[in-house]
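Spelled out from the first residue to the last, the chains are:
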Amino acid sequence: MAEVKLVNIKKVYPFSGEKEKKRKKRDQAPEEKKSNLQVTEEGVVAVQEFNLDIANKEFIVLVGPSGCGKSTTLRMVAGLESISGGELYIDGELMNAVAPKERDIAMVFQNYALYPHMSVYDNMAFSLKLKHLPKAEIDQKVRQAAEILDITQYLNRKPKALSGGQRQRVAIGRAIVRAPKVMLMDEPLSNLDAKLRNEMRAEIIKLRERIDTTFIYVTHDQTEAMTLGDRIVVMKDGYIQQIGTPQEVYNHPANLFVAGFIGMPVMNFYDAKLVREGDRYFVEVCGYRVELSAEKEERLAAKNVGTQEITLGVRPDHTDLTDEGIACKVDVTEMMGASAHLHASVDGRDVIVIVSTQGMKKIPQRGDEIHISFDGDVAHVFSKEDGKNLEF
Ligand SMILES: Nc1ncnc2c1ncn2[C@@H]1O[C@H](COP(=O)(O)OP(=O)(O)O)[C@@H](O)[C@H]1O
Ligand SMILES: [Mg+2]
């Protein structure tokens, strides 16, 4: 267990000769540029201005699309990647120049990285043997970890005789026998099928109750982030977009990117107008008027936000079918069982409404006209200029 502090951390991957040539070529054809990472004379800036204080025993999840710098950040904490700028502290001690094996950190990877020729037992005992611990102590630690992860019956098997889920348990077991101060996990569930992934997610929740360790967990999956994290760090293009509890990030997304990335199905967006009258605010969208909640009005007034065109965001879960409201036609109906997802088009934008099918006589189908509405406490107002949530 440990506190981890990242202060203005930056990572620049210098160009190799080959890449520099490619870059020059690509810069002549800018439309080929794939990511929005900053490119400087020094190289590609994979992470920058990364500031985060992680409390003892906290479970932090770094989440964001592929290439946003999650693994790079984790690898800098592990010491597998040099830190180009800023400071990394573990329990108050500057770690920038400390070798990986001196950092008291364990890491679990997506591809398990087990030793194929060793039994499960030996895989788990390996790091303890390197430390020359007494045999009895090693045995006790391996068996205890195996017990926690429910893999005792496989201790004599080789990794190839195990399923993907079992192998990942061994990889986790190998990390926890060392009782590391910090446990780093890089997309540990990504190679598993959906059902196993759900099971292992629950296992990890139980695991963190049973071991005294600070966790930093990387995933591109917002569900994993929401279910596992005490706090989540949403990243994009090498920058932190928002840090908060899952609830905070879900209820108060800092900008359009976070709003669209967190939550399933994706938040609906509308072109709308925010209107201020004194200290009262409402939103006009497709001729429909929504009064904002008092809490939102207070925040907007405190920031002196004025009348302006906005992007309005409302989650599908918070959107209702009503007799009045915005009129639109159903394009597609997805029957999910207890609920149905109705896709409709509003002003050229795809909008999803989740309706409970219970007691509903007829679920609206393609071509049917519906009316949708929502309350002012679930309406998010984003600046048209920079996509920032105007409440922040
Ligand atoms: N060893 C490397 N050399 C050069 N660029 C790299 C290297 N590793 C990662 N990158 C680049 O840094 C960016 C962030 O990568 P990464 O941290 O792996 O993202 P994520 O884990 O979020 O998918 C990407 O654009 C990637 O191409
Ligand atoms: Mg990665």
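Quick notes on the rules
Residues numbered from 1 in each chain as written. Chains lettered and ligands numbered in written order. Predicted model: local features only at pLDDT ≥ 70, side-chain atom pairs only at ≥ 80, totals over all residues. Axes fitted to C-alpha atoms, helices over the stretch in contact; angles between N-to-C directions. Helix = DSSP H or I, 4+ residues; strand = E, 2+ residues; numbered from the N terminus. Parallel < 35°, antiparallel > 145°, perpendicular 65-115°, else oblique. Left-handed = near helix turned anticlockwise from the far one by under 90°. Contact = placed C-beta atoms within 7 Å. Nonpolar A, V, L, I, M, F, W, Y, C, P; charged D, E, K, R; others polar. Domains from an automatic or database assignment. Core = buried A, V, L, I, M, F, W, Y, C linked by C-beta atoms within 7 Å. Buried ≥ 20, exposed ≤ 12 C-beta atoms within 10 Å, placed from the backbone. Near = placed C-beta within 6 Å. Expected span 1.5 Å × (residues − 1). Pairing = 2+ DSSP bridges.

Structural notes on the packing of helix α5 (residues 164-176) against helix α6 (residues 194-210)
Viewed as axis vectors pointing N to C, α5 and α6 meet at an angle of 30°, and their least axial separation amounts to 10 Å. Judged by the angle between their axes, α5 and α6 are roughly parallel. The two elements α5 and α6 meet at a crossing, and its hand is right-handed. Contacts between α5 and α6 involve Gly164, Gly165 and Gln168 from the former and Leu196, Glu199 and Met200 from the latter. In terms of residue class, the contact of α5 with α6 is built from two nonpolar, three polar and one charged.

Considerations on the packing of helix α3 (residues 120-130) against α5
Where α3 meets α5, the axes come as close as 7 Å, and the angle between the chain directions of the two elements is 30°. Our classification of the angle between α3 and α5 gives roughly parallel. The hand of the α3/α5 crossing is right-handed. Where α3 abuts α5, its residues Val120, Asn123 and Met124 lie against Val170, Gly173 and Arg174. Partitioning the contact of α3 with α5 into residue classes produces three nonpolar, two polar and one charged.

Describing the domain arrangement of the protein
As far as domains go, the protein holds domain 1 (4-104 + 180-256) and domain 2 (267-383). Here domain 1 and domain 2 have C-alpha centroids that lie 33 Å from each other.

As for the nonpolar core
Val61, Leu184, Ile216, Tyr217, Val234 and Val283 are the most contacted members of the largest nonpolar core, which has 96 residues in total. Counting contributing residues per domain, this core is built from domain 1 (4-104 + 180-256) and domain 2 (267-383), each supplying no fewer than three.

Digging into the site of ligand 1
In the region of ligand 1, 13 residues are neighbours, and Tyr13, Ala46, Lys70, Ser71 and Thr72 sit closest. Only β3 (43-54) and α2 (70-78) provide two or more residues apiece to the shell around ligand 1. At three residues, the largest contribution of residues to the shell around ligand 1 is made by α2. Partitioning the shell around ligand 1 into residue classes produces five nonpolar, seven polar and one charged.

Brief notes about α5
Here α5 is 13 residues long and its end C-alpha atoms lie 19 Å apart, about the 18 Å a rise of 1.5 Å per residue gives. α5 sits mainly inside the fold: 11 of its 13 residues count as buried. Every buried residue of α5 is accounted for by Gln166, Arg167, Gln168, Arg169, Val170, Ala171, Ile172, Gly173, Arg174, Ala175 and Ile176. Considering only its buried residues, α5 is in contact with β7 (105-108), α3, α4 (135-149), β8 (182-186) and α6.

Brief notes about the sheet that holds β8
Spatial ordering of the open sheet is given by β7-β8-β9-β4-β10-β11, a layout of six strands whose pairing is mixed. Strands with a single pairing partner mark the edges of an open sheet, and in this sheet they are β7 and β11 (239-244). Geometrically, the sheet is characterised by an average inter-axis angle of 15° between neighbouring strands, direction not taken into account. Both strand β10 (residues 231-236) and β11 contribute to a ladder of five bridges, which runs antiparallel. Bridge pairing in β11 places Val233 opposite Ile243.

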